[in-house]
Amino acid sequence: IAADYLHLRAFPLSPEVADVVRAHERIYVIEQNRDGQMRDIFRMDFPQEAARFRSFRHYNGLPLDAQTVVEGVEEGEKE
């Protein structure tokens, strides 16, 4: 899977985040909670790109590893 990534460290979202969002066809938001709040924040900040955000949530109590992320993205690509 060819992919880029962005590790957010602070709010509000910076102009550089907007550049990344606009440069990609799909944006997977990797969440480590049940409710997917980060995707909602992205949708509020970038309403015109809202349909491009996909949330992958991992909240089973185990650490998030790369294989889990790859499997989540692959599953999302089937949709």
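Note: the structure precedes this text.
A.B. asks: Where do I start with unusual backbone geometry in this structure?
C.D. replies: Following Phe-11, the chain continues to Pro-12 via a peptide bond in cis, the omega torsion being -5°. Here Pro-12 is to be found in the segment before helix 1 (15-22).

A.B. asks: Would you mind showing me how to read the pairing of strand 1 (residues 27-31) here?
C.D. replies: Working note: regular strand, side chains alternate between the two faces of the sheet. Taking every second residue as pointing to the same face, the buried face of strand 1 carries Ile-27, Val-29 and Glu-31, while none of Tyr-28 and Ile-30 on the other face is buried. As for the winding sense of the linkage, the β-α-β connection from strand 1 through helix 2 (residues 37-45) to strand 2 (residues 53-57) is right-handed.

A.B. asks: Where do I start with helix 1 in this structure?
C.D. replies: In an α-helix, one turn spans 3.6 residues; hence positions three or four apart end up facing the same way. Residues Val-17, Ala-18 and Val-21 constitute the buried set of helix 1. One face of helix 1 carries all of its buried residues, which in axial projection span an arc of 100°. Set apart from the buried face of helix 1 by more than 90 degrees, the exposed residues are Pro-15, Glu-16 and Asp-19. Where helix 1 is buried, its residues meet strand 1, helix 2 and strand 2.

A.B. asks: What am I meant to see in the layout of surface pockets here?
C.D. replies: Gaps left between atoms show up when a probe the size of a water molecule is rolled over them. The calculated volume of the largest pocket comes to roughly 930 Å³. Asp-4, Tyr-5, Leu-6, Tyr-28 and Ile-30 are, among the 25 residues lining the largest pocket, the residues nearest its centre. When grouped by side-chain class, the residues that make up the lining of the largest pocket number 18 nonpolar, 2 polar and 5 charged.

A.B. asks: Before we go on, may I ask you to explain the pattern of salt bridges in this structure?
C.D. replies: Oppositely charged side chains can pair when the atoms bearing their charge come close. Taken as a whole, this structure holds 3 salt bridges when the rule is applied. Of the charged contacts, one joins Glu-49 and Arg-22 as a salt bridge, the two residues approaching to 3.6 Å between their closest N and O atoms. Of this pair, Glu-49 sits in the loop between helix 2 and strand 2 while Arg-22 sits in helix 1; the two residues are 27 residues apart in sequence, bridging distant segments of the chain. Accessibility expressed as a relative area gives 8% for Glu-49, which makes it buried. The class of Arg-22 is partly exposed, set by a relative accessible area of 48%. Taking the shortest distance from any N to any O, the salt bridge between Arg-34 and Asp-35 comes out at 3.3 Å.

A.B. asks: Is there a simple way to think about the nonpolar core in this case?
C.D. replies: What tends to happen in soluble globular proteins is that the nonpolar side chains get buried as a cluster. By size, the foremost hydrophobic cluster in this structure holds 9 residues: Leu-13, Val-17, Ala-18, Val-21, Ile-27, Val-29, Phe-42, Phe-46 and Phe-53. Per element, the largest residue contribution to this core is 3 residues, and it comes from helix 1.

What counts and how
- Residues numbered from 1 in each chain as written.
- Predicted model: local features only at pLDDT ≥ 70, side-chain atom pairs only at ≥ 80, totals over all residues.
- Heavy atoms only, no water.
- Helix = DSSP H or I, 4+ residues; strand = E, 2+ residues; numbered from the N terminus.
- Buried < 20%, exposed > 50% of the residue type's maximum accessible area, 1.4 Å probe, protein only.
- Right-handed = clockwise from strand over helix to strand, strands pointing away.
- Arc of directions from axis to C-beta.
- Contact = heavy atoms within 4.5 Å.
- 1 Å grid on protein atoms, 1.4 Å probe; cavity = no way out; pocket = protein on both sides within 12 Å on 5 of 7 lines; lining within 4 Å.
- Points joined across faces, edges and corners; volume = space filled by probe spheres on them.
- Nonpolar A, V, L, I, M, F, W, Y, C, P; charged D, E, K, R; others polar.
- Salt bridge = Lys/Arg side-chain N within 4 Å of Asp/Glu carboxyl O.
- Core = buried A, V, L, I, M, F, W, Y, C linked by side-chain atoms within 4.5 Å.

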